[in-house]
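Fold and contact review
So the chains spell out like this:
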Amino acid sequence: MQWLPKAGNRDDEYEDAAWPERSLTTAQTVVHCAVADGATESAFAGVWARQLVRAYGCGAFDGDGWQLALAREQTAWQAAIAAKPLPWYAEEKARSGAFAALLGVTFGEVCDGGRPWQAVAVGDCALFQVRGDALLSSFPATDAAFFTSRPLLIGSAPHSNATLTEHLHRASGDLQPGDRFYLVSDALGQWWMHSLERGAAPWNEVDGALARRRRGFSGWIDSLRRTGQMRNDDVTLLRVTWLER
């Protein structure tokens, strides 16, 4: 897992989030992974993004429990913000709530040599599944035009989610040993789709950057930004690989 704030911003101004929060190897039979992208123009969006991925990672959004789980997270966000001493103008902004995109994927127990996966998304985070040297799945993005400046997002205020169920995307598939899943926030997802449309294999470039660890990943993103290949936004990348023992 790697992340970077916008160029010119401090680490504590980063408003994306991911689950798990650090790289790890697990033997769990069911694994939940998620990325969220907090909307910068909303209040305390990073707090909201972190809440959403943590809730998904704990299984709160499994099945049809979305509305109940979301209501719990909204109440928790409101309580957390109410406990903060805020100037009047920040209080005004907080009343409108925070907004974030969310993408989560759940990998199930092994069945017939594979692992079923189910994904859900609201907004413009994206998932890419690569098998061998070919893109197998892209969700919910189908092209670079998917990434717009006004995606529908999940709000921390109940009144902001009136049409949420209409914009809840779902997908499913099968994970095989050696497959790689890439969960990304929107800036990296848009770059990925542009790269595909040029006939490139973006996963090779991503894997190369990840192999160079934090400093190499940071340098790679900086280069994409400087050359205009990626817009300046928070970047989050979570790569998932099933390593058969």
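Our subject is the structure that appears above.
About the cut-offs
- Residues numbered from 1 in each chain as written.
- Predicted model: local features only at pLDDT ≥ 70, side-chain atom pairs only at ≥ 80, totals over all residues.
- Heavy atoms only, no water.
- Core = buried A, V, L, I, M, F, W, Y, C linked by side-chain atoms within 4.5 Å.
- Buried < 20%, exposed > 50% of the residue type's maximum accessible area, 1.4 Å probe, protein only.
- Helix = DSSP H or I, 4+ residues; strand = E, 2+ residues; numbered from the N terminus.
- Contact = heavy atoms within 4.5 Å.
- Axes fitted to C-alpha atoms, helices over the stretch in contact; angles between N-to-C directions.
- Parallel < 35°, antiparallel > 145°, perpendicular 65-115°, else oblique.
- Nonpolar A, V, L, I, M, F, W, Y, C, P; charged D, E, K, R; others polar.
- Salt bridge = Lys/Arg side-chain N within 4 Å of Asp/Glu carboxyl O.
- Phe/Tyr/Trp six-rings, centres within 6.5 Å; stacked < 30°, edge-to-face > 60°.
- Pairing = 2+ DSSP bridges.
- Expected span 1.5 Å × (residues − 1).
- Lys, Arg positive; Asp, Glu negative; His and termini not counted.

**Overview of the nonpolar core**
The biggest cluster of nonpolar side chains holds 26 residues, and the ones touching the most others in it are Trp48, Leu52, Phe61, Trp66, Leu70, Leu102 and Ile154. Every element with two or more residues in this core is listed here: β3 (31-38), α1 (45-57), α2 (66-82), β4 (99-107) and β5 (115-122). With seven residues, α1 is the single largest residue contributor to this core. Aside from chain neighbours lying at most four places away, what touches Trp48 is Leu70, Glu73, Gln74, Trp77, Ala98, Phe99, Ala100, Ile154, Gly155 and Ser156. Among the nonpolar cores identified, the runner-up in size contains 25 residues, and Val130, Val184, Phe217 and Ile221 belong to it.

**Describing the packing of helix α5 (residues 202-211) against helix α6 (residues 213-226)**
Relative to each other, α5 and α6 sit at 135°, their axes nearing to 6 Å. Judged on the interaxial angle alone, α6 and α5 are oblique. Contact residues: α5 offers Glu205, Val206, Ala209, Leu210 and Ala211, while α6 offers Arg213, Gly216, Phe217, Trp220 and Leu224. Residue composition of the contact of α5 with α6, by class: seven nonpolar, one polar and two charged.

**Focus on the pattern of salt bridges**
Within this structure, the stated rule accounts for eleven salt bridges. The partner of Asp179 in a salt bridge is Arg131, with the nearest N and O atoms 2.8 Å apart. Of this pair, Asp179 sits in the loop between β9 (169-175) and β10 (180-184) while Arg131 sits in strand β6 (residues 126-131); the two residues are 48 residues apart in sequence, bridging distant segments of the chain. Owing to a relative accessible area of 1%, Asp179 belongs among the buried residues under this scheme. Taking the shortest distance from any N to any O, the salt bridge between Arg231 and Asp233 comes out at 3.2 Å. Three or more residues are tied together by salt bridges with common partners; here these are Lys6, Asp186, Arg231, Asp233 and Asp234.

**Side note on the packing of aromatic side chains**
Counted by the stated rule, this structure contains ten aromatic pairs. Between Phe61 and Trp66, the ring centres sit 4.5 Å apart and the planes meet at 25°, which makes this aromatic pair stacked. In this pair, the class of Phe61 matches that of Trp66, namely buried. Aromatic side chains Trp192 and Trp203 sit 6.1 Å apart centroid to centroid with 45° between the ring planes, which places their arrangement in the tilted category. Taken together, the residues Trp192 in helix α4 (residues 186-197) and Trp203 in helix α5 connect sequence positions eleven residues apart.

**Some words on the pairing of β5**
On a regular strand, one side chain projects to one face of the sheet and the next to the other, so that they alternate. Counting buried positions along β5 gives six out of eight residues, so the element sits mostly inside the fold. Taken together, the six bridges between β4 and β5 define a ladder with antiparallel strand orientation. Bridge assignment links Leu103 to a residue of β5, and that residue is Ala121. In the sheet, β5 pairs with β9 via seven bridges, with the strands oriented antiparallel. The residue of β9 that forms the bridge with Trp117 is Gly173.

**Structural notes on α4**
Helix length check: α4 (twelve residues) gives 16 Å between terminal C-alpha atoms against 16 Å at 1.5 Å per residue, within 8%. Among the twelve residues of α4, nine are classified as buried, and the element is accordingly described as predominantly covered. When α4 is considered as a whole, its buried residues turn out to be Asp186, Ala187, Leu188, Gly189, Gln190, Trp191, Trp192, Met193 and Ser195. The first or second residue beyond α4 is Gly199, which carries a positive phi of 90°.

**Considering the side chain of Asp124**
Turning to its location among the elements, Asp124 is positioned in the loop between β5 and β6. No salt bridge is formed by the buried Asp124; its nearest oppositely charged neighbour, Arg231, is found at 5.0 Å. For Asp124, the contacting residues outside a window of four places in its chain are Asp37, Ala101, Phe146, Phe147, Thr148, Pro151, Ser185 and Asp186.

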